[in-house]
Amino acid sequence: MKKIVVLFTMFTVLISAAQTMQDSITFDPQKQLNAAQRLLSGNYGKAVTVGAYGELTYNQPEAKNGELDVQRLVLLFGYKFNDKTQFVTELELEHVEEVFVEQAFVNYAIASNVSLRGGLMLVPMGIVNEFHEPTTFNGVERPAVDNVIVPSTWREIGVGVTGRFNDLSLGYQAYVFNGFKSTASDGQSGLSGFLSGSSGLRGGRQKAIQSTVDSPTLSVKLDYYGLPGLRLGLSGYTGKTQAEDDIEEFDGANIGVTMLGLDARYAYQRFTARGQFIYASLKDTEAYNLATGKDLGSVLQGWYLEGAYNLLPQNNQQRLFAFLRYEQYDTHADTAGSLVRNDAYNRTDITTGLSYHIAPGVVLKGDYQFRDNGLAGDQVDDRLNFGIGVWF
């Protein structure tokens with residue numbers, strides 16, 4: 001209760017301070033760009049473009065010690081070889097000690113609205129996997145659906161095409177990627193598995209680290225932007241997971257993955273809303289669980305709805321969004337064979353708080369999360385969060 005009072009007091013102070021400021025950038029989901037898109041569109045007249053985004057967070061679970069973390073710092077680089085050919089890369093430092101290449105791809109513009117791409121790229125599924133810069137979403141932490149069901153940040157090596165049908169107000173992406181890594185030899189006569197009930201597919205991301213591939217996967221997304229202030233997305237992903245050469249013929253080494261995503265973003269004056277639904281069907285999980293001793297579900301499912309309202313006047317250069325998000329996600333929405341459903345994996349989160357954009361590219365965030373699962377009693381700690389995010 002004390003934390004809720006503190007949170008409310010902080011929000012009141014922020015609102016009072018913000019109301020002394022004036023003159024905003026009206027958010028338009030149809031024109032929103034992610035980091036890679038900004039680099040590609042910002043290279044006019046110059047060969048090299050540099051940027052960055054990062055976030056520092058504080059998480060305080062109920063009745064436990066809090067944690068401060070430089071959660072990530074991502075350095076962005078773009079190079080323009082000529083009017084048709086560009087290169088984009090993102091170098092990510094997580095928790096001050098881990099270094100990853102988040103993206104690294106070549107974009108070749110065949111025409112004004114058609115481009116070929118190849119390299120390490122984001123899998124276009126849902127909203128946050130593509131738009132995860134801290135100033136583009138409310139809440140200190142990304143929605144849990146985009147962590148547990150869609151394993152953000154989800155990127156793999158592939159090739160494909162992207163572009164727009166302007167007459168139809170329709171954007172499209174279609175790529176062939178390597179898939180999740182499901183199993184490896186345990187050094188004896190069995191298999192060790194990377195996929196599980198608690199984290200779903202997340203442990204199978206290969207992240208371009210000497211990625212194994214024995215069969216390609218297909219990823220597509222369509223975005224409709226024909227109505228003012230509204231953007232609708234339809235995503236699809238299908239294929240098999242990958243296993244090492246010497247075990248790929250073992251029963252249970254690979255599973256089939258089919259994922260469908262629906263998402264929507266809307267803005268009208270000072271009101272914004274977004275929602276997302278993700279459904280993943282997994283095949284051969286019974287054999288996989290028997291071979292690896294894991295508890296992977298056969299259906300993963302999650303959704304959320306969020307509404308936000310800018311408390312500052314519409315002509316203000318600063319924005320202060322009060323928001324509420326309700327999300328439900330379950331990595332045991334269904335199970336196969338003798339695997340018993342675990343209600344601990346059936347989660348509900350309610351997140352409410354403020355996002356205070358003190359300047360374009362700088363946001364201060366605070367929120368409180370009421371978290372629960374399907375087990376009897378209060379099994380998950382509620383959490384207070386604060387954060388600072390930047391993007392330029």
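As the structure is a prediction and not an experimental result, all values here were calculated from the model.

Rules of the game
- Residues numbered from 1 in each chain as written.
- Predicted model: local features only at pLDDT ≥ 70, side-chain atom pairs only at ≥ 80, totals over all residues.
- Heavy atoms only, no water.
- Patch = residues over 30% accessible without salt bridge, like charges linked within 9 Å, V, L, I, M, F, W, Y side chains within 5 Å.
- Areas by Shrake-Rupley, 256 points an atom, 1.4 Å probe, with all protein chains shown as cover.
- Salt bridge = Lys/Arg side-chain N within 4 Å of Asp/Glu carboxyl O.
- Helix = DSSP H or I, 4+ residues; strand = E, 2+ residues; numbered from the N terminus.
- Buried < 20%, exposed > 50% of the residue type's maximum accessible area, 1.4 Å probe, protein only.
- Phe/Tyr/Trp six-rings, centres within 6.5 Å; stacked < 30°, edge-to-face > 60°.
- Contact = heavy atoms within 4.5 Å.
- pLDDT = per-residue confidence, 0-100.
- Lys, Arg positive; Asp, Glu negative; His and termini not counted.
- 1 Å grid on protein atoms, 1.4 Å probe; cavity = no way out; pocket = protein on both sides within 12 Å on 5 of 7 lines; lining within 4 Å.
- Points joined across faces, edges and corners; volume = space filled by probe spheres on them.
- Nonpolar A, V, L, I, M, F, W, Y, C, P; charged D, E, K, R; others polar.

Turning next to a nonpolar patch on the surface. A surface patch of nonpolar side chains, amounting to about 900 Å² of accessible area, comprises Val48, Val50, Leu73, Leu75, Phe77, Tyr79, Phe81, Leu91, Leu93, Val99 and Val101. Here the nonpolar patch takes 4 residues from strand S2 (residues 67-80), the largest share from any one element. Position of valine 50 among the secondary structure elements: in strand S1 (residues 48-61).

Tallied over the full model, the rule gives 13 salt bridges. Salt-bridge contacts for lysine 80 lead to aspartate 83; the nearest nitrogen and oxygen are separated by 3.7 Å. The salt bridge partner of arginine 341 is aspartate 330, with a shortest N-O separation of 2.7 Å. Taken as a pair, arginine 341 in the loop between strand S16 (319-334) and strand S17 (346-359) and aspartate 330 in strand S16 lie far apart in primary sequence, 11 residues in all. Residue arginine 341 is classed as partly exposed on the basis of its relative accessible area, which comes to 33%.

Applying the stated criterion to the full structure yields 9 aromatic pairs. For the pair tryptophan 154 and phenylalanine 180, a centre-to-centre distance of 5.0 Å together with 20 degrees between the ring planes defines the contact as stacked. Highlighted residues: tryptophan 154 in the loop between helix H3 (145-148) and strand S6 (155-165) and phenylalanine 180 in the loop between strand S7 (170-177) and strand S8 (181-185), separated in sequence by 26 residues. Neither tryptophan 154 nor phenylalanine 180 differs from the other in exposure class; each is buried. For the ring pair phenylalanine 180 and tyrosine 237, a centre distance of 6.1 Å and an interplane angle of 70 degrees mean the geometry is edge-to-face. Here phenylalanine 180 is found in the loop between S7 and S8, whereas its partner tyrosine 237 is found in strand S11 (residues 230-240), with 57 residues between them in sequence. Feature note: the residues Trp154, Phe180 and Tyr237 constitute an aromatic cluster, connected by ring pairs.

For phenylalanine 321, the location among the structural elements is in strand S16. In this structure the C-alpha to C-alpha distance between phenylalanine 321 and alanine 308, which are 13 residues apart in sequence, comes to 5.8 Å. Once you skip the residues sitting within four places of it in the chain, phenylalanine 321 turns out to touch Asn138, Arg270, Thr272, Ala308, Tyr309, Asn310, Gly353, Leu354, Ser355 and His357.

With the exception of glycine, the majority of residues adopt a negative phi angle, and the majority of peptide bonds are in the trans configuration. The step from serine 152 to threonine 153 runs through a cis peptide bond, and the omega angle for that step is -5 degrees. Secondary-structure assignment places threonine 153 in the loop between H3 and S6. One non-glycine residue with positive phi stands out, namely glutamine 269, at about 55 degrees. Here glutamine 269 is to be found in the loop between strand S13 (256-268) and strand S14 (271-283). Classification of glutamine 269 as partly exposed rests on a relative accessible area of 48%.

Attention now goes to the confidence of the model for the protein chain. Note that predicted coordinates carrying low pLDDT should not be read in detail. For the protein chain, per-residue confidence averages 90 on the pLDDT scale, and 90% of positions sit at 70 or higher. In this model residues 1-25 is a low-confidence stretch, pLDDT under 50, and it forms 52 contacts with partners more than four residues away in sequence or in other chains.

Glancing now at the side chain of glutamate 133. With respect to the secondary-structure elements, glutamate 133 resides in the loop between strand S5 (114-122) and H3. As a buried residue without a salt bridge, glutamate 133 has its nearest oppositely charged side chain in arginine 142, at a separation of 7.9 Å.

A volume near 40 Å³ is recorded for the second largest cavity. Contributing to the lining of the second largest cavity are Glu55, Leu56, Thr57, Pro134, Val140, Lys365, Gly387, Ile388 and Gly389. Elements represented by at least two residues in the lining of the second largest cavity include exactly S1 and strand S19 (383-391).

The next point concerns the layout of surface pockets. As a volume, the largest pocket reaches approximately 950 Å³. Lining of the largest pocket is provided by 40 residues; of these, Gln37, Leu40, Arg117, Thr162 and Arg164 occupy positions nearest its centre. For the lining of the largest pocket, a count of residues per class yields 13 nonpolar, 16 polar and 11 charged.

The next subject is the environment of proline 143. Looking at the secondary structure, you find proline 143 in the loop between S5 and H3. A relative accessible area of 2% means that proline 143 is categorised as buried. Along the chain, proline 143 and valine 70 lie 73 residues apart, while their C-alpha atoms are 18 Å from each other. In contact with proline 143, other than residues within four places in its own chain, are Val128, Tyr304, Arg325 and Glu327.

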